[in-house]
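Below are the chains, spelled out letter by letter.
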Amino acid sequence: MEYVSRVPRPPLDRLIDDLYYLEGAPPYARLTLPPGPSALLIVNLGASFRIRAGTDIETAEYADGCVVTMPTRALEFGYPLWTRSVGVHFKPWGPAPFLPMPAAELCDRPVTVEQVWGRPAIAELRDRLATAAGPHEMLTLLEEELMRRLCETAGLGLVRHTSSVIAATSGAVAIGDLSVAAGVSSTHLAQRFKELIGVTPKRLARTYRFGATVFAIDPAGSIDWGDLASGAGYFDQAHFGHEFRAFTGLTPTRYLEVRRRFLREHPGHALDGWPLPAD
């Protein structure tokens, strides 16, 4: 697959990790994306793809793309034989200035871009992207669209600063200390987080801690799960195993098997970091 990405210019870089272009044949028909401390916007330029947001929710089809605020459960993506899209990897608080509704309303409920920006706007954007000269011009067009839509958002400074502290500590911070340092009540802080991120500060901290722990795993080496759990600040290995199943639907051992399968079957693939084969 062809994958091109870059960091946007200020002030978007305070909201976005990167803009990306993706085209090619997916490594698997279905991929599981475990929840991480990020949000996602996809503008689809190829055949429709499908998303299943949990076993209790029916799979839905997305033609123009989708918006995903920070998830609390694994998402299963079903891809066509050939996919083409541009997108945004947001920081957890990043989508808020571009949404017409509180982020909490979209938590674990991916919606189409049309539902967020309207049919005429997304149709016009997709037309411009489809006729662009190449990936770099497409990312510039997407960046310009985001700059045009950027709005002032009440409470964003508070949420961004507090979230940055959580991120810097990989989630190992007392949530009560955050509200005291910010000079607001814990209730006010939780409300702002729900509005702008979709989850509470405690949930965000859990996600950062889990993500940092998993990304520290070398799938090619041997792993002492007890030492790993202890070093990451989990109560014990059982606690870590429970978190692992909650975030991925897999046991740590099964997760490692699936990661190794991906790396073995598709060495050096652009998507070899976080998605997992779901079939």
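As shown above, the structure is provided for reference.
Residues numbered from 1 in each chain as written. Predicted model: local features only at pLDDT ≥ 70, side-chain atom pairs only at ≥ 80, totals over all residues. Heavy atoms only, no water.

K.L.:
Outline empty space enclosed by the protein, listing residues and values.
P.N.:
For the structure on display, the rule yields 1 cavity of 30 Å³ or more. Computed from the structure, the largest cavity encloses a volume of approximately 40 Å³. In this structure, the largest cavity is lined by Leu41, Val67, Phe90, Pro95, Phe98, Leu99, Val116 and Trp117. Per-class residue counts for the lining of the largest cavity are 8 nonpolar, no polar and no charged. (1 Å grid on protein atoms, 1.4 Å probe; cavity = no way out; pocket = protein on both sides within 12 Å on 5 of 7 lines; lining within 4 Å. Points joined across faces, edges and corners; volume = space filled by probe spheres on them. Nonpolar A, V, L, I, M, F, W, Y, C, P; charged D, E, K, R; others polar.)

K.L.:
Which residues make up the packing of helix 4 (residues 156–168) against helix 6 (residues 186–196), and what values go with them?
P.N.:
Remark: helix 4 packs on helix 6, axes separated minimally by 10 Å, with the N-to-C direction vectors making an angle of 95 degrees. With respect to helix 6, the axis of helix 4 lies roughly perpendicular. Listed contacts from helix 6 to Leu156, Leu158, Val159, Thr162, Ser163 and Ile166 of helix 4 are His188, Leu189, Arg192, Phe193 and Leu196. When its residues are assigned to classes, the contact of helix 4 with helix 6 shows 7 nonpolar, 3 polar and 1 charged. (Axes fitted to C-alpha atoms, helices over the stretch in contact; angles between N-to-C directions. Helix = DSSP H or I, 4+ residues; strand = E, 2+ residues; numbered from the N terminus. Parallel < 35°, antiparallel > 145°, perpendicular 65-115°, else oblique. Contact = heavy atoms within 4.5 Å.)

K.L.:
Pulling in residues and values, what's your account of the layout of surface pockets?
P.N.:
As a volume, the largest pocket reaches approximately 820 Å³. Lining the largest pocket are 34 residues; nearest its centre among them are Leu33, Leu40, His89, Trp274 and Pro275. Secondary-structure elements contributing two or more residues to the lining of the largest pocket are strand 2 (16–24), strand 3 (30–33), strand 4 (39–44), strand 8 (75–78), strand 9 (83–90) and helix 7 (201–215). Among the residues forming the lining of the largest pocket, the class breakdown is 24 nonpolar, 8 polar and 2 charged.

K.L.:
Provide a residue-level description of the sheet that holds strand 9, including the pertinent values.
P.N.:
With respect to topology, 5 strands assemble into an open sheet ordered 1-2-9-4-7, the strand pairing being antiparallel. Since the sheet does not close on itself, it has two edges, and those belong to strand 1 (2–6) and strand 7 (65–68), each with one partner. In this sheet, adjacent strand axes meet at a mean angle of 15 degrees when their direction is disregarded. Relative to the sheet, helix 2 (residues 119–130) contacts strand 4 and strand 9, its axis offset from that of strand 4 by approximately 70 degrees. Together, strand 1, strand 2, strand 4 and strand 9 form the strand contacts of helix 3 (residues 135–149), whose direction differs from that of strand 2 by roughly 140 degrees. (Pairing = 2+ DSSP bridges.)

K.L.:
Tell me about the packing of aromatic side chains, and name the residues and values.
P.N.:
Overall, the coordinates contain 13 aromatic pairs when judged by the stated rule. Ring centres of Trp225 and Phe244 lie 6.3 Å apart, and the angle between their planes is 85 degrees; on these two criteria the pair is classed as edge-to-face. Taken together, the positions of Trp225 in helix 8 (residues 225–231) and Phe244 in helix 9 (residues 237–248) put the pair 19 residues apart, joining distant regions of the chain. With a relative accessible area of 0%, Phe244 lands in the buried category. Feature note: the residues Phe210, Trp225, Tyr234, Phe240, Phe244, Phe247 and Tyr255 constitute an aromatic cluster, connected by ring pairs. If you follow Arg209 out to its NZ or CZ, it ends over the ring of Tyr234, 4.1 Å from the centre. (Phe/Tyr/Trp six-rings, centres within 6.5 Å; stacked < 30°, edge-to-face > 60°. Buried < 20%, exposed > 50% of the residue type's maximum accessible area, 1.4 Å probe, protein only. Lys NZ or Arg CZ within 6 Å of the ring centre and 35° of its normal.)

K.L.:
Kindly report on the pattern of salt bridges, identifying the contributing residues and their values.
P.N.:
Within the structure shown, the criterion is met by 16 salt bridges. Ionic pairing is found between Arg9 and Glu143, a salt bridge with its closest N-O pair at 2.9 Å. Pair noted here: Arg9 is in the loop between strand 1 and strand 2 and Glu143 is in helix 3, with a separation of 134 residues, a long-range link. The class for Arg9 is partly exposed, based on a relative accessible area of 39%. (Salt bridge = Lys/Arg side-chain N within 4 Å of Asp/Glu carboxyl O.)

K.L.:
Go over unusual backbone geometry with me, naming the residues and quoting the values.
P.N.:
Omega for the bond connecting Pro10 with Pro11 falls within 30 degrees of zero, at 0 degrees, which places this linkage in the cis form. By the element assignment, Pro11 lies in the loop between strand 1 and strand 2. At Asp108, a residue that is not glycine, the phi angle is positive and equals roughly 60 degrees. With respect to the element layout, Asp108 can be found in the loop between strand 9 and helix 1 (113–117).

Everything listed here is a matter of geometry and, on its own, says nothing about what the molecule does.
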